[in-house]
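What follows is each chain in one-letter form.
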Amino acid sequence: RYYRSESYRSYISLEKLFYLLSKLCWTLQIPDAAYIAIITAIISILSAATYYLAFENRLEYLCIAYLSMFCFPYSIMMFINVMRQGIAVFALVLGIMLLDRGKKIPALVVAVLGCMFHYMGFVLLILFLFYYWFNKREVLLWGSVGMCLAGIIVGISGIGKKILSLCPTNAFTVRVLCYLNVEITKVALVKLCFYLVICTVLIFCIVKFNVELTNLYKMMLVIFTITGFGTSCIVVAQRFSISLDVMLPLLFLNQPML
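Cut-offs used in this document
- Residues numbered from 1 in each chain as written.
- Predicted model: local features only at pLDDT ≥ 70, side-chain atom pairs only at ≥ 80, totals over all residues.
- Heavy atoms only, no water.
- Disulfide = S-S within 2.5 Å.
- Phe/Tyr/Trp six-rings, centres within 6.5 Å; stacked < 30°, edge-to-face > 60°.
- Helix = DSSP H or I, 4+ residues; strand = E, 2+ residues; numbered from the N terminus.
- Buried < 20%, exposed > 50% of the residue type's maximum accessible area, 1.4 Å probe, protein only.
- Arc of directions from axis to C-beta.
- Core = buried A, V, L, I, M, F, W, Y, C linked by side-chain atoms within 4.5 Å.
- Axes fitted to C-alpha atoms, helices over the stretch in contact; angles between N-to-C directions.
- Parallel < 35°, antiparallel > 145°, perpendicular 65-115°, else oblique.
- Left-handed = near helix turned anticlockwise from the far one by under 90°.
- Contact = heavy atoms within 4.5 Å.
- Salt bridge = Lys/Arg side-chain N within 4 Å of Asp/Glu carboxyl O.
- Nonpolar A, V, L, I, M, F, W, Y, C, P; charged D, E, K, R; others polar.

The full count for this structure, using the stated rule, is 0 disulfides. Of the cysteine sulfurs around Cys115, a residue in no disulfide, the closest is that of Cys199, at 19 Å.

Structural data, given as structure tokens:
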């Protein structure tokens, strides 16, 4: 829909790189199918680089992790319906891999460029930077649980929708507000429960077994926290929660907990 409109008005200003890529494809008169193939190639390259760096010292798990990423229940939705979000999330996780290797500037550059494909990425990045500098372990762990629950309460009570409705009108809020009246289906509830339960179990295991709170775990906490607040708008909550598809294989297979 965005690509066929050939109008900058269809794009949020934060998504500058996504707009420039589309504009280049318009100029070259690239057909729809090829345009989708280009975006798919970008996410494939980012995901391959992310998983390679994550498993470079234990390559025996690389194929299992990459396969499991595509086999998680809602991975298909991640790559087909919200591919741009997938680019943003993979860029953030790739940035974490670079950060863990002491390459702070390249990590930030990769993360910001990826976020310029989907505005949601900047929400994750801002909260992650706070979590990155905040080193009080127990506060981060249980604070994330508390904030997620608070977000769910705000969403269920309807307070969240009222707050969103009061926000100044701009391209960002207009896009979010258009989702406010989307019906909350049983499928949506199953998705949210699936991811939130897994995150809760992981947090419990981190606490019980005194697992090191790595940057990858902090990103999981970020997604967990924001998903709770996203329940004010079910579409946003689902898109945040399915971001865990790209991370769960990494968390399960390449962490000291297991």
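Further notes follow.
Applying the stated criterion to the full structure yields 9 aromatic pairs. Plain terms: the ring middles of Tyr51 and Phe55 are 6.3 Å apart, the flat faces sit at 15° to each other, and that makes the pair stacked. Here Tyr51 pairs with Phe55, and both are found in helix H3 (residues 32–55), just 4 residues apart, close to one helical turn. For the pair formed by Tyr51 and Phe55, the shared burial category is buried. Ring geometry for Tyr51 versus Tyr66: centroids 5.4 Å apart, planes at 70°, classification edge-to-face.

The subject of this paragraph is helix H4 (residues 62–71). For the α-helix, the turn length of 3.6 residues means that residues three or four positions removed from each other point alike. Within the sequence span of H4, burial applies to Leu62, Ala65 and Met69. The arc enclosing the buried residues of H4, seen along the axis, measures out at 70°, which places them on a common side. Opposite the packed face of H4, turned more than 90 degrees from it, sit the exposed residues Cys63, Leu67 and Cys71.

Counting 87 residues, the largest nonpolar core has Leu124, Met220 and Met247 as its most contacted members. For this core, the element with the highest residue contribution is helix H6 (residues 83–99), accounting for 12 residues.

The N-to-C vectors of helix H8 (residues 120–133) and helix H13 (residues 215–230) enclose an angle of 125°; their axes lie 9 Å apart at closest approach. With respect to H13, the element H8 is oriented oblique. For the pair H8 and H13, the crossing hand works out as right-handed. Mapping the contact onto sequence places Val123, Leu124, Leu127, Phe128, Tyr131 and Tyr132 in H8 and Asn215, Lys218, Met219, Leu221, Val222, Ile223, Thr225 and Ile226 in H13.

Moving on: the pattern of salt bridges. Inspection of the entire model under this criterion finds 3 salt bridges. Here Glu15 makes a salt bridge to Arg84, at a shortest N to O gap of 3.3 Å. You can see Glu15 sitting in the loop between helix H1 (2–5) and helix H2 (16–27) and its partner Arg84 sitting in helix H6, a full 69 residues away along the chain. Taking the relative accessible area as the measure of exposure, Arg84 reaches 12% and is therefore buried. Residues Glu138 and Arg137 are paired through a salt bridge, measuring 3.5 Å at the closest nitrogen-oxygen approach.

Moving on to the environment of Tyr19. Examined against the element boundaries, Tyr19 turns out to sit in helix H2. Judged by relative accessible area, Tyr19 falls into the buried class, the value being 15%. As a C-alpha pair, Tyr19 and Tyr2 span 17 residues in sequence and 9.2 Å in three-dimensional space.

Quick look at the packing of H6 against helix H7 (residues 104–115) now. The contact between H6 and H7 brings their axes to 8 Å, and the two run at 175°. Classified by the angle their axes make, H6 and H7 are roughly antiparallel. Note on element contacts: H7 touches H6 through Lys104, Pro106, Ala107, Val110, Ala111, Gly114 and Cys115, opposite Ile87, Ala88, Ala91, Leu92, Leu94, Gly95, Leu98 and Leu99. Within the contact of H6 with H7, the residues separate by chemical class into 12 nonpolar, 2 polar and 1 charged.

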